[in-house]
Each structure stands twice: as structure tokens, then as C-alpha cells.
Amino acid sequence: MTSNKIKSHNKRNDGIPFDANIFKDININKSAVERRAATLSGRRSVKKQWQAAWLLKALSCIDLTTLAGDDTRSNVHRLCAKAQSPVRHDLLKAMEMDDANITVAAVCVYHNLIGDAVEALRDSKIPIAAVSTGFPAGNIPLKEKIKQIELSVAAGASEIDIVVSRNLVLQSNWKALYDEVAACRKACGEAHMKTILATGEIPTYSKVAKASWVSMMAGSDFIKTSTGKESINATIPVSLVMIRAIREYYELTGYKVGFKPAGGISKAKQALNWLILIKEELGDEWLNSELFRFGASSLLGDIERQLEHYVTGRYSASFRHPMA
């Protein structure tokens, strides 16, 4: 690792020039990563009011997502209503949080539904994220990826979730990956860009780490584990690898890059594990929606269910806490 620091105080990650020497010698110890990840599930979990507070924090970091083939205007409007009022008022009042203006971090939809989300969120400050660049496979020409980004930004998306070309990662074609991500970042303009690595399709932790570095060097505001469409999505071990790359990139450049695990995170207990991981590896500065997000749909319902248990002492059926 180079010792020369390139410091910046810009809130966004402007990226740095491509330099393969920064990451070429990365070789991740698989056993060590998985041992560290295993320690999280073996610890005593937070309880009572502390658990409720952590769950409210998790809720505020959710990108509430609908990426189904049967999405319609009406269910996007319901999703946006839930995004603005994610927890029942009586539960918030019982926790003395009814004046806290708690919302999710963003709503994430396909491009063709951005207009419906804009309409539904007109009176809120919740940003709209759009998946782009041939999501989820990413197997379209770069010029078409750029066009998709430009159209989504024009339609009202202030956050763009792009997918990398996995073949570039598999072939270790890092300069081509850098150029692709940098071009996407340029097309995003003022919109923040989250770069999806699709780690379930990357065979080694070392390649995950290198893809993380290249994506950050090219100007990604966030790096994200998965599309949610792979057979293996977000896991604690792969998250640890990406988070440590974020920490090292910050130490080198001064840029704080966000992290977003996505896919398969549906239980409140899982969310707590990721929050603890972020706190221990990156610190409290990353425990906010500007630098940490969950890509999720059903997670919100389970968090609300756990909060009801905290307030009433009873578990309710999951159908009483619909996402939309």
C-alpha cells in the first residue's frame, strides 16, 4: 500500500487517478475474514430500549425498494406512503419518538416508475434512487448505460444504482472497469452513484476487494454488495472485505465512501449485525444514511414488528405490518 496520502475535504468522492499499484498486491485471507465475521453472531445482542434505538437507526438507513416485474403506479404510491410513515404513530408515541420525523433513507425503483415516485414524494425530502445500466446483469454497451443514467437523472432520480460489468472483474481488467465506472459517475452529474459489485458472482474475496478499490477510485459515492437478484447476495464476510477497503481508501484519500448491503436482509436481527459491523470497523461517523444504507423491502416490516414487541410485550403477525 502506498504511504503517500492524497487528502480532500470534499463531501463527495471525486475519485483519484487510476493506479493499479495501490491495490495490485491485495490478497485477502479467507479464513481470517470468515472467523472475524463469525464473531458477530456469537455475541450478546442489544436489548430493550437500546435495541429499539438501534432498530430505529436501521430503519432510517433503508433504501425501501421495489424491483418486481409487476410493479405498478399504485404499489409505488403505497411504497412511498410507507417510506414517509414507516412506523405506526401509536408505536412512535409510546417510544416518545412521534416528533422525530423518522423516514426511510430513500425509495428505489426501476426507471419507468421514477415519475410515479416523484409524484408520491413531492411533499417530502426523501430521495429517489433508480437502478440503471442494464440492471441486474449489466450486459449492455457502455453508451446505453450512460443513456439510461442520463434519462433517470432527467426524470427525477437523485441517486443512481449502477451495476459493474462482471466480466471485467473476472478477467481482472481493472483499467477498463475504472473507465466504465468513471464514465457512469460523469453521467450522474449531481446525482449520487452507488456501484453494485454483485459479489455473489465474484469468485474470491481478493477480487471483491480490488473491485471495491477500483470503483471508489473511479468516483463511486457508495459501493454496494448485490443487486438482490443473484443466488448469493449480501453476506457479513464479503461486507467486511468491502468495509475494510472503504476504511483504507479513506485513510489514503480523505474521501468517505458509503456502503450498502443488499439482498436477503429481511430480519431485524440481521440489520443489527450490519450496524455493529459498521460501528466496529468504520466508527460512528458511518452510522447514518449519508454513508450507510440497507437495500431491502421486507426488512422494514420486521423492524416495525420488533418495535411493537418492545412497546407491548407481544409479537404481532407479520401481515399487520405490510411494506406497502
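Above this text you will find the structure in question.
Below: a short report on this structure. Model, not experiment: these values are computed from the prediction.

This part is about the nonpolar core. By size, the foremost hydrophobic cluster in this structure holds 96 residues, and its most contacted members are Leu 177, Trp 213, Phe 294 and Ile 303. It is helix H10 (residues 236-253) that provides the largest number of residues to this core, a total of 10 residues. The next biggest cluster of nonpolar side chains, apart from the first, holds seven residues, and it includes Leu 67, Cys 108, Val 131 and Ile 196.

Let's shift gears to the sheet that holds strand S3 (residues 128-131). Strand pairing in a sheet relies on backbone hydrogen bonds, with the paired strands running either antiparallel or parallel. Read from one edge to the other, the open sheet built from eight strands follows the order S7-S6-S5-S4-S3-S2-S1-S8, with strand pairing classed as parallel. Where the open sheet ends on each side, the last strands, each with one partner, are strand S7 (258-260) and strand S8 (294-296). Each neighbouring strand pair of the sheet contributes to a mean axis angle of 25°, computed without reference to strand direction. Taken together, the three bridges between strand S2 (residues 106-109) and S3 define a ladder with parallel strand orientation. Looking across to S3, one finds that Val 109 is bridged to Ala 130. Where helix H6 (residues 142-155) meets the sheet, it contacts S3 and strand S4 (159-163), and its direction lies at approximately 160° from that of S4. Taken strand by strand, H10 contacts strand S6 (222-224) and S7, and its axis lies near 170° from that of S7.

The next point concerns helix H1 (residues 30-41). Taken together, the buried positions of H1 are Val 33, Arg 36, Ala 37 and Leu 40. Seen along its axis, H1 keeps its buried residues to an arc of 95°; they face one direction. Exposed positions of H1 whose direction lies more than 90 degrees from the buried face are Arg 35 and Ser 41. The backbone nitrogen of Ser 31 lies 3.2 Å from a side-chain oxygen of the residue at the head of H1, namely Asn 29.

Looking now at helix H3 (residues 73-84). Between the first and last C-alpha of H3 there are 17 Å, a value that for 12 residues agrees with the 16 Å anticipated at 1.5 Å per step. Buried residues of H3: Asn 75, Val 76, Leu 79, Cys 80, Lys 82 and Ala 83, and no others. Projected down its long axis, H3 carries its buried residues within an arc of 160°, all on one side. Next to the buried residues of H3 lie strand S1 (62-65), S2, helix H5 (114-120) and helix H12 (299-312).

Space inside the second largest pocket adds up to approximately 290 Å³. Forming the walls of the second largest pocket are 20 residues, and the residues nearest its centre are Thr 65, Gly 263, Gly 295, Ala 296 and Ser 297. By residue class, the composition of the lining of the second largest pocket is six nonpolar, 10 polar and four charged.

Let us look at the pairing of S4. Counting buried positions over the five residues of S4 gives five, a clear majority of the element. Side chains Glu 159, Asp 161 and Val 163 project from S4 onto one buried face, and the interleaved Ile 160 and Ile 162 project onto a second face that is buried too. The sheet contact formed by S3 and S4 spans three bridges and is parallel. By the bridge assignment for S4, Val 131 is matched with Asp 161. You can see the chain leave S3, run along H6 and come back into S4, and the turn it takes is right-handed. Where S4 lies against strand S5 (residues 192-196), five bridges are found, and the strand directions are parallel. Pairing of Glu 159 across the sheet is with His 192, part of S5.

What the rule picks out here adds up to 27 salt bridges. Of the charged contacts in the structure, one is a salt bridge between Arg 36 and Glu 281, with a shortest N-O distance of 3.2 Å. With Arg 36 in helix H1 and Glu 281 in helix H11 (residues 268-281), the pair connects residues that are 245 residues apart, well separated along the chain. In this structure, Arg 305 and Asp 302 form a salt bridge, with 3.8 Å as the shortest nitrogen-oxygen distance. With Arg 305 and Asp 302 both in helix H12, this residue pair falls three residues apart, about one helical turn. For Arg 305, a relative accessible area of 23% gives the class partly exposed. If you follow the salt bridges from partner to partner, you end up with Asp 63, Glu 159, Asp 161, Lys 194, Lys 224, Lys 260 and Arg 293 in one network.

With respect to the helices and strands, the residue Lys 207 is situated in helix H9 (residues 205-217). Of the residues examined, Lys 207 reaches a relative accessible area of 17% and is grouped as buried. Taking the C-alpha atoms as reference points, Lys 207 and Gly 189, 18 residues apart in sequence, are found 28 Å from one another. Residues contacting Lys 207, with those up to four places away along its chain left out, are Val 169, Leu 170, Ser 172, Trp 174 and Ile 202. Side-chain polar atoms of Lys 207 contact the backbone oxygen of Leu 170, separated by 3.4 Å.

Neither face of S1 is exposed, since Ile 62 and Leu 64 on one face and Asp 63 and Thr 65 on the opposite face are all buried. Here three bridges tie S1 to S8, and the two strands are oriented parallel to one another. Each bridged residue has a counterpart across the sheet, and for Ile 62 the counterpart in S8 is Phe 294. As judged from the three bridges shared by S1 and S2, these two strands associate in the parallel manner. In the sheet register, Leu 64 faces S2, and the bridge partner there is Val 107.

Calculation criteria
- Residues numbered from 1 in each chain as written.
- Predicted model: local features only at pLDDT ≥ 70, side-chain atom pairs only at ≥ 80, totals over all residues.
- Heavy atoms only, no water.
- Core = buried A, V, L, I, M, F, W, Y, C linked by side-chain atoms within 4.5 Å.
- Buried < 20%, exposed > 50% of the residue type's maximum accessible area, 1.4 Å probe, protein only.
- Helix = DSSP H or I, 4+ residues; strand = E, 2+ residues; numbered from the N terminus.
- Pairing = 2+ DSSP bridges.
- Axes fitted to C-alpha atoms, helices over the stretch in contact; angles between N-to-C directions.
- Contact = heavy atoms within 4.5 Å.
- Arc of directions from axis to C-beta.
- Polar contact = N/O pair within 3.5 Å; in protein donor to acceptor, adjacent residues only side chain to side chain.
- Expected span 1.5 Å × (residues − 1).
- 1 Å grid on protein atoms, 1.4 Å probe; cavity = no way out; pocket = protein on both sides within 12 Å on 5 of 7 lines; lining within 4 Å.
- Points joined across faces, edges and corners; volume = space filled by probe spheres on them.
- Nonpolar A, V, L, I, M, F, W, Y, C, P; charged D, E, K, R; others polar.
- Right-handed = clockwise from strand over helix to strand, strands pointing away.
- Salt bridge = Lys/Arg side-chain N within 4 Å of Asp/Glu carboxyl O.

The values reported here are purely geometric and, on their own, carry no functional implication.
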